[in-house]
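Working through the structure, step by step
Here is how the chains run, residue by residue.
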Amino acid sequence: MGIKQALVIGLAMASMAACGGAKKDSGGGAPKGDTLYTRLGGEAGVKGVVKDFVENNVAKDARINTFFANSDIPGFEKKLYEQICAAAGGGCTYSGKDMKTAHAGMKIKQADFDALVEDLVKALDNAKVADADKQTLLGVLGPMKADIVTEQ
Ligand code: HEM
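The structure presented is a predicted model; accordingly, all values stated were derived computationally and were not measured. (Residues numbered from 1 in each chain as written. Predicted model: local features only at pLDDT ≥ 70, side-chain atom pairs only at ≥ 80, totals over all residues. Heavy atoms only, no water.)

Regarding the coordination of the iron atom of the ligand
Selection rule: Any N, O or S atom lying within 2.8 Å of the metal counts as a donor, with the limit raised to 3.2 Å for Na, K and Ca; because water is left out of the atom set, some sites can appear incomplete. Going along the chain from the N terminus, every DSSP run of H or I of four or more residues is numbered as a helix, and every run of E of two or more is numbered as a strand.
Within the protein, just one atom coordinates the iron atom of the ligand: His 103 (NE2), at a distance of 2.0 Å. Mapped onto the fold, His 103 is located in the loop between helix H5 (99-102) and helix H6 (110-126).

In structure tokens, the structure reads:
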């Protein structure tokens, strides 16, 4: 994935407006650290994991980086952030394609999927995400495999 930092920052700001920026605490005195999203470090934490995952891990992973050769990396990171935020209780709305449509025709194999998950785990480890939270997140993303892996 070719990486363009300035664009990433620009998109991060745009997605703040689209998502985290609109999120408000209820003000009822409930603890704020009580969703997977907040445990992942909220907006900054999840964006950091996504960036590390995409730009440091997948981009350098010769097993799968060719899939992303022509990708719009900032756009991909924004969608991934929204998707994780939404799945983790952060209140975002995912604006991307469904997983089947997004990966149609890519001929993604089980081994490719496993490599990508490995890269995600590395990013979660780098961010010192607790094991239980890692498992929870992978438990949410794992079932998407059925729509993503289309080749033996
Ligand atoms: C649970 C696993 C995965 C998740 C949650 C995921 C999520 C996503 C999301 C949210 C998008 C953006 C969709 C959109 O633009 O509307 C996307 C696109 C894409 N995904 Fe995945 N994906 C997964 C697995 C994989 C795997 C295993 C590969 C290949 C090894 C892959 C390759 C791609 C590529 C090449 C794109 C297009 C990026 C672009 O050009 O914008 N994905 N994926």
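Next comes the rest of the description.
Details of helix H4 (residues 73-87)
Note the cut-off: One less than the residue count of a helix, multiplied by 1.5 Å, gives the span that helix is expected to have. Residue exposure (1.4 Å probe, protein chains only): buried if accessible area is under 20% of the type maximum, exposed if over 50%, otherwise partly exposed.
Between its first and last C-alpha atoms H4 spans 21 Å; for 15 residues at 1.5 Å apiece the expected length is 21 Å, and the two agree. Across the 15 residues that make up H4, a large majority, 11, are buried. Three or more residues of H4 are buried, namely Ile 73, Pro 74, Gly 75, Glu 77, Lys 78, Leu 80, Tyr 81, Glu 82, Gln 83, Ile 84 and Cys 85. Of the residues flanking the end of H4, it is Gly 89, one or two places downstream, whose phi is positive at about 85°.

Looking at the pattern of salt bridges
Filter applied, for reference: One side-chain nitrogen of Lys or Arg within 4 Å of one carboxyl oxygen of Asp or Glu is enough to make a salt bridge.
Within the structure shown, the criterion is met by nine salt bridges. For Asp 133, the salt bridge identified is with Arg 39, shortest N-O distance 2.8 Å. One end of the pair, Asp 133, is in helix H7 (residues 131-141); the other, Arg 39, is in helix H2 (residues 36-39), with 94 residues separating them in the sequence. Given a relative accessible area of 9%, Asp 133 falls into the buried group. Notably, a salt bridge pairs Asp 61 with Arg 63, separated by 2.9 Å at the nearest N-O pair. For Asp 61, a relative accessible area of 8% gives the class buried. Since its relative accessible area comes to 44%, Arg 63 is described here as partly exposed. Where salt bridges share partners, they join Asp 61, Arg 63, Glu 118 and Asp 119 into one cluster.

Taken by themselves, the reported measurements are silent on function.
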